[in-house]
Amino acid sequence: MTRILLTALAWFLCMIALPARADDPCAGPMALQVLGSGGPEPGRDRASSGYLVWIDGKSRVLVDAGGGVFLRFGEAGASLDDLDFVAISHLHADHVADLPALVKAGFFSDRTRALPVAGPSAGNKFPGIKTFLRREFGPSDGAFAYLSGALDGDSQFPLKPVIEVDVARKSPRRVLDLPDLRVTAAPVHHGPVPALGYLVESHGTKIAFSGDQNGNNPMFWTMVEHADLLVMHTAIADGSDAVAANLHATPTSIGQHAAAAGVGRVVLSHWMKRSLAAMDANVATIRGLYHGPVDVAHDLGCYAPAAH
């Protein structure tokens, strides 16, 4: 009996500690929902990277689609019919592995309009987003050739246009421009991996996504200056080796850049085992340098942009 009571108590405490789920979507004119707050390592509570931007109660922008995001998308109560844009930060598997599952689901949706997709140009061992999608869905030799209608337009769920952002230029580029929604991409430094960060704007509010980066492109920070909310990936601790620091921003770098950019709120995501092990110290370092609200992302958590 004692064990049953303790189990019930633990379940109750977990439920009240977790953020709102599918039956309580993000409210307000514009909000962020985290679909995946983890990284490439499997974990019990964190899918790989993925985010939704809700606008007026509709899931309008998907940023990344790592492993587990397909499930979280459904749990969030999001609709493929409402999506206006898919923004892919880079082509590491933990940021794009569930894209084929979402495309497959699109064939069972009521959607009839095209869905624009943006991603980085090629570099090193990584293809550009156009080649990547051809290798996924190409009609003759694609891994999922049976879904080729997503690329050639012979389906109710075409992925077009496919916008490839030249990472060599370093400067921001507008990749979506609707009357009530704008998305801008800027190349970021993620070691040898071509990568992008994004800024989503609607209703006079700005939500920024760092993607995986070490913080070394000043044009990204200019783009996100005074953003109301910044999702910042926190994959390493201070004192990490040179390889890790070439790929990811340290907590000190995060705190300094967020403060200098004057962002209104920071949501820390993309937690890995090495950063989770030092979570308290990492968060304390960031809060010591940046004095706005700082949140530790949880899957399906909803976060409102801070007024500032």
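Draft legend 1. Fine view of the packing of helix 9 (residues 251-261) against helix 11 (residues 279-289). Contact geometry of helix 9 with helix 11 gives a least axis separation of 8 Å together with a crossing angle of 30 degrees. Put simply, helix 9 runs roughly parallel to helix 11. In the packing of helix 9 onto helix 11, the handedness of the crossing is right-handed. Contact residues: helix 9 offers P251, T252, I254, G255, Q256 and A259, while helix 11 offers N282, T285, I286 and L289.

Draft legend 2. Layout of the pairing of strand 2 (residues 50-55). A large share of strand 2 lies buried, amounting to six of its six residues. Of the two faces of strand 2, the one carrying G50, L52 and W54 and the one carrying Y51, V53 and I55 are both buried. Pairing analysis gives six bridges linking strand 1 (residues 30-36) to strand 2, with the strands arranged antiparallel. Looking across to strand 2, one finds that G36 is bridged to G50. Where strand 2 meets strand 3 (residues 58-65), six bridges bridge the pair, whose relative direction is antiparallel.

Draft legend 3. Molecular detail of the pairing of strand 3. By the criterion of burial, strand 3 is predominantly enclosed, with seven of the eight residues buried. If you look at the hairpin formed by strand 2 and strand 3, you'll find two residues sitting between the two strands, and D56 has a positive phi there, around 50 degrees. Note: strand 3 against strand 4 (residues 85-87), three bridges, orientation parallel. The residue of strand 4 that forms the bridge with V61 is F85. Running through helix 2 (residues 69-75), the crossover from strand 3 to the neighbouring parallel element strand 4 is right-handed.

Draft legend 4. Summary view of the packing of aromatic side chains. All told, the structure shown has three aromatic pairs when counted by the stated rule. Here the aromatic rings of F137 and F144 are separated by 6.4 Å at their centres, their planes lie at 40 degrees, and the arrangement is tilted. Judged by its relative accessible area of 29%, F144 falls in the partly exposed class.

Draft legend 5. Spotlight on the sheet that holds strand 3. The strand order across the open sheet built from seven strands is 6-5-4-3-2-1-14, with neighbouring strands paired in mixed fashion. The open sheet has two free edges, formed respectively by strand 6 (162-165) and strand 14 (302-303), since each of these has just one partner strand. In this sheet, strand 6 lies alongside strand 5 (residues 117-120) in parallel orientation, the contact comprising four bridges. Residue pairing for strand 6: P120 is matched across the bridge by V165. Helix 5 (residues 129-137) rests against strand 5 and strand 6 of the sheet, and its axis sits at about 135 degrees to strand 6.

Draft legend 6. A look at the environment of Y290. Structurally, Y290 is set in the loop between helix 11 and strand 13 (294-296). Take Y290: its relative accessible area is 4%, and that puts it in the buried class. A sequence separation of 31 residues divides Y290 from A259, and the C-alpha atoms of the two residues are 4.9 Å apart. Other than its neighbours up to four places away in sequence, Y290 contacts G255, A258, A259, V263, G264, R265 and V266. A distance of 2.9 Å separates a polar side-chain atom of Y290 from the backbone oxygen of V263. For Y290, the side chain forms a polar contact with the main-chain nitrogen of R265, separated by 3.2 Å.

Draft legend 7. Spotlight on unusual backbone geometry. Cis geometry marks the peptide bond from K160 to P161, where omega comes out at -5 degrees. Residue position: P161 is located in the loop between helix 6 (149-152) and strand 6. A positive phi is found at D56, a non-glycine position, where the angle reads about 50 degrees. Tracing the sequence through the fold places D56 in the loop between strand 2 and strand 3. On the accessibility criterion, D56 (48% relative accessible area) is partly exposed.

Rules behind the numbers
- Residues numbered from 1 in each chain as written.
- Predicted model: local features only at pLDDT ≥ 70, side-chain atom pairs only at ≥ 80, totals over all residues.
- Heavy atoms only, no water.
- Axes fitted to C-alpha atoms, helices over the stretch in contact; angles between N-to-C directions.
- Helix = DSSP H or I, 4+ residues; strand = E, 2+ residues; numbered from the N terminus.
- Parallel < 35°, antiparallel > 145°, perpendicular 65-115°, else oblique.
- Left-handed = near helix turned anticlockwise from the far one by under 90°.
- Contact = heavy atoms within 4.5 Å.
- Buried < 20%, exposed > 50% of the residue type's maximum accessible area, 1.4 Å probe, protein only.
- Pairing = 2+ DSSP bridges.
- Right-handed = clockwise from strand over helix to strand, strands pointing away.
- Phe/Tyr/Trp six-rings, centres within 6.5 Å; stacked < 30°, edge-to-face > 60°.
- Polar contact = N/O pair within 3.5 Å; in protein donor to acceptor, adjacent residues only side chain to side chain.

Function cannot be read off these values alone, since they describe shape.
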